[in-house]
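Inside the fold
Listed here are the chains, written in short residue letters.
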Amino acid sequence: MATLFIDPGSLNQELVLEKSSISIGETGELIESWSEIASLWAQVEPIGTGPRLLGEQQIPEVTHRVTLRYRKNISSTMRFRKGARIFQTLTLHDPDDTGRYLVARVREEVR
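Since we're looking at a predicted model, the values are computed, not measured. (Residues numbered from 1 in each chain as written. Predicted model: local features only at pLDDT ≥ 70, side-chain atom pairs only at ≥ 80, totals over all residues. Heavy atoms only, no water.)

For the rest of this paragraph, the subject is the pattern of salt bridges. A complete count under the given rule lists six salt bridges for this structure. Put simply, arginine 79 and glutamate 18 hold a salt bridge, and the shortest N to O gap is 2.6 Å. A residue pair is termed long-range when its members are at least 10 positions apart, and arginine 79 in strand E4 (residues 79-82) and glutamate 18 in strand E1 (residues 13-24) qualify at 61 residues. A salt bridge links arginine 65 to glutamate 45, with the shortest nitrogen-to-oxygen separation between them at 3.1 Å. With a gap of 20 residues between them, arginine 65 in strand E3 (residues 57-69) and glutamate 45 in strand E2 (residues 30-54) connect regions that are remote in the sequence. In this structure arginine 65 comes out as partly exposed when scored by relative accessible area, which is 35%. Overlapping salt bridges, with partners in common, bring together Glu18, Arg79 and Arg81 in one network. (Salt bridge = Lys/Arg side-chain N within 4 Å of Asp/Glu carboxyl O. Helix = DSSP H or I, 4+ residues; strand = E, 2+ residues; numbered from the N terminus. Buried < 20%, exposed > 50% of the residue type's maximum accessible area, 1.4 Å probe, protein only.)

Next up, the structure:
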């Protein structure tokens, strides 16, 4: 496979990588909380917009491609945050299998 060229200078947006933890509340409800794992530099590019079906309701969806330096401690169960914007990871892969970069397809949570 050919080596993909990614300009390191394009990783110009600071994101926070967060991991979820689930706990049980006093009344037995599940409580999801997010904790910061790392601060990292990435390139965030919009991919598309459109409605997504949730049951019978259509909700707006905005997807992005996030390119970042390779990390071993990242998984698709984590999310990225930039200020008040939240990006839920949909897919995560090494684009050229060299261990230099990761590309994530993310969905921005629309509030």
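From this point, the narrative continues.
Moving on, we get to unusual backbone geometry. Positive phi is not limited to glycine here, since aspartate 97 has a value of about 55 degrees. Take aspartate 97: its relative accessible area is 61%, and that puts it in the exposed class.

Moving on to a nonpolar patch on the surface. Together, Ile22, Ile24 and Leu30 make up an exposed nonpolar region whose accessible area comes to about 360 Å². One can find leucine 30 in strand E2. (Patch = residues over 30% accessible without salt bridge, like charges linked within 9 Å, V, L, I, M, F, W, Y side chains within 5 Å. Areas by Shrake-Rupley, 256 points an atom, 1.4 Å probe, with all protein chains shown as cover.)

Membership of the largest hydrophobic core comes to 14 residues, with the highest contact counts inside it found for Leu15, Leu40, Val66, Leu68, Ile74 and Phe80. Breaking this core down by element, the ones donating at least two residues are E1, E2, E3 and strand E6 (101-108). In contact with isoleucine 74, other than residues within four places in its own chain, are Leu17, Leu68, Phe80, Leu92 and Leu102. (Core = buried A, V, L, I, M, F, W, Y, C linked by side-chain atoms within 4.5 Å. Contact = heavy atoms within 4.5 Å.)

Each regular strand carries side chains that alternate between the two faces of the sheet. Where E1 and E4 come together, three bridges link them in antiparallel fashion. Residue valine 16 lies in a different strand from E4, and its bridge partner there is arginine 81. Here E4 pairs with strand E5 (residues 85-93) via four bridges, running antiparallel. The residue bridging arginine 79 from the neighbouring strand is glutamine 88, located in E5. Between E4 and E5, which pair antiparallel and follow one another directly, the connecting turn spans two residues, one of which, glycine 83, has a positive phi of 65 degrees. (Pairing = 2+ DSSP bridges.)

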